[in-house]
Amino acid sequence: MNFDSSRRSSFKKMILGGAAMGTMSSFDWKADQAPLQLKGNIKHGVCAWTMPSFSLDELCVAVKKIGFNAIDLVGPKDWDTLKTHGVECSMCNGAELGIPKGWNDPQYHEQLIKNYTELIPQVAKYGYKNLICFSGNRNGMDDEVGMKNCAQGLKQIIGVAEKHGVIIQMELLNSKVNHKDYMCDLSPWGVELCKMVGSENFKLLFDIYHMQIDEGDLIRSIQANHQYFGHYHTAGNPGRNELDENQEINYPAVMRAIVATGYQGFVSHEFIPKSDDKIAALAQAVQVCDV
């Protein structure tokens, strides 16, 4: 099909205009502006560690200026700070032994059981619901053995979690780029572990960035296994930076798939902003994902 010059020009403008929608270059929100008018279908959060130049107090103020009120990966010593600002801890931490040392290795079970048994009631006391955990690295261990070890250990704390209404969430992390040798690196493995534990109080933290790297097919995974996913994280791939036109994940489509499952939990942004205005970068991510 041949286009004359005027039609070709109009077509080019249409394509370029459509491509610019929702990009960083077209987003100019500033912290002194009114909060974003969010649709309410996605409950947004941000992971505290991604904003190291801000104190927790400053980050609490910033997220409320953007228009949401949840922060991930905050431990018990800082929960009072969140309460002061009326900000929720959307994913608690503080019981784990780090990412490499997890539930797949029985040598850590005694300490992990102690840590989680003590922290779960504190999570509930503050009115929070989610507490993170990790599988640990393989270190030569067979995946099936590691799964059985995880289930054996987790079953010893799951009754406490059920009693207090707390959900233990094991994070899916990529082992290709960021976390070499991590065992819980594919959603089918995590889903089978959920079935083995057999409790609604154990779910998976589906990190969209990590699973794009290790397995892709994000929307199909969400549609097929959403009942096992209790929390979501975002970041642009490759690079783990802004959710902009320089990365490959179609975040609006992924968010629509999440909303379609009836999910009521949090989607927390865990990218490392390259932009000088890091709060504007966070606001832009919220807007991209607010479907």
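Going by the structure above, here's the rest.
Note that the coordinates shown come from a computational prediction; the quantities given were computed from them, not determined experimentally. (Residues numbered from 1 in each chain as written. Predicted model: local features only at pLDDT ≥ 70, side-chain atom pairs only at ≥ 80, totals over all residues. Heavy atoms only, no water.)

Asker: Where do I start with the nonpolar core in this structure?
Answerer: In globular proteins that are soluble, nonpolar side chains generally tend to be buried together. Counting residues in hydrophobic clusters, the biggest one holds 88 residues, and the most contacted among them are Leu154, Ile168 and Met170. Considering each element in turn, this core owes the most residues, eight residues, to helix H10 (residues 278-289). Sequence-distant contacts of Leu154, defined by excluding residues within four places in its chain, comprise Trp103, Cys133, Ile168, Met170, Leu193, Val197 and Phe202. (Core = buried A, V, L, I, M, F, W, Y, C linked by side-chain atoms within 4.5 Å. Buried < 20%, exposed > 50% of the residue type's maximum accessible area, 1.4 Å probe, protein only. Helix = DSSP H or I, 4+ residues; strand = E, 2+ residues; numbered from the N terminus. Contact = heavy atoms within 4.5 Å.)

Asker: Before we go on, may I ask you to explain helix H5 (residues 143-164) in this structure?
Answerer: Taking 1.5 Å of rise per residue, 22 residues should cover 32 Å, and H5 covers 30 Å from first to last C-alpha, within 8% of that figure. Listing the buried residues of H5 in full gives Gly146, Met147, Asn149, Cys150, Ala151, Gly153, Leu154, Ile157, Ile158 and Ala161. Check the buried side of H5 and you find it contacts helix H4 (109-125), strand S4 (130-133), strand S5 (167-171), helix H6 (187-197) and strand S6 (202-207). Sitting at the amino-terminal end of H5 is Asp142, which places a side-chain oxygen 2.9 Å from the backbone nitrogen of Glu144. The first or second residue beyond H5 is Gly165, which carries a positive phi of 70°. (Expected span 1.5 Å × (residues − 1). Polar contact = N/O pair within 3.5 Å; in protein donor to acceptor, adjacent residues only side chain to side chain.)

Asker: What exactly am I supposed to notice about the packing of aromatic side chains here?
Answerer: Throughout the structure, instances matching the rule amount to eight aromatic pairs. Their ring planes at 20° and their centres at 6.1 Å tell us that Tyr126 and Tyr128 sit as a pair that is stacked. Classification of Tyr126 as partly exposed rests on a relative accessible area of 21%. In this structure an aromatic cluster arises from ring pairing among Phe206, Phe229, Tyr232 and Tyr263. Positioned above the aromatic ring of Phe266 is the side chain of Lys43, whose terminal nitrogen or guanidinium carbon lies 4.3 Å from the ring centre. (Phe/Tyr/Trp six-rings, centres within 6.5 Å; stacked < 30°, edge-to-face > 60°. Lys NZ or Arg CZ within 6 Å of the ring centre and 35° of its normal.)

Asker: Is there a simple way to think about the pairing of S5 in this case?
Answerer: Side chains on a regular strand alternate between the two faces of the sheet. Here S5 lies mainly inside the structure; five of its five residues are buried. Burial of S5 is two-sided: the residues Ile167, Gln169 and Glu171 facing one way and the residues Ile168 and Met170 facing the other way are all buried. Pairing geometry for S4 and S5, over four bridges, is parallel. If you follow Cys133 over to S5, its bridge partner there is Met170. On the question of chirality, the crossover connecting S4 to the parallel S5 by way of H5 is right-handed. Both S5 and S6 contribute to a ladder of four bridges, which runs parallel. By the bridge assignment, Glu171 is partnered in S6 with Leu205. Each parallel crossover has a hand, and the one from S5 via H6 to S6 is right-handed. (Pairing = 2+ DSSP bridges. Right-handed = clockwise from strand over helix to strand, strands pointing away.)

Asker: Any chance you could explain the side chain of Ser187 here in plain terms?
Answerer: Its place among the elements puts Ser187 in helix H6. For Ser187, a relative accessible area of 2% corresponds to the buried category. Every residue in contact with Ser187, bar those within four places of it in the chain, is listed here: Leu172, Leu204, Phe206, Met211, Glu215, Ser221 and Phe229.

All quantities given are derived from atomic positions and should not be read as evidence of function.
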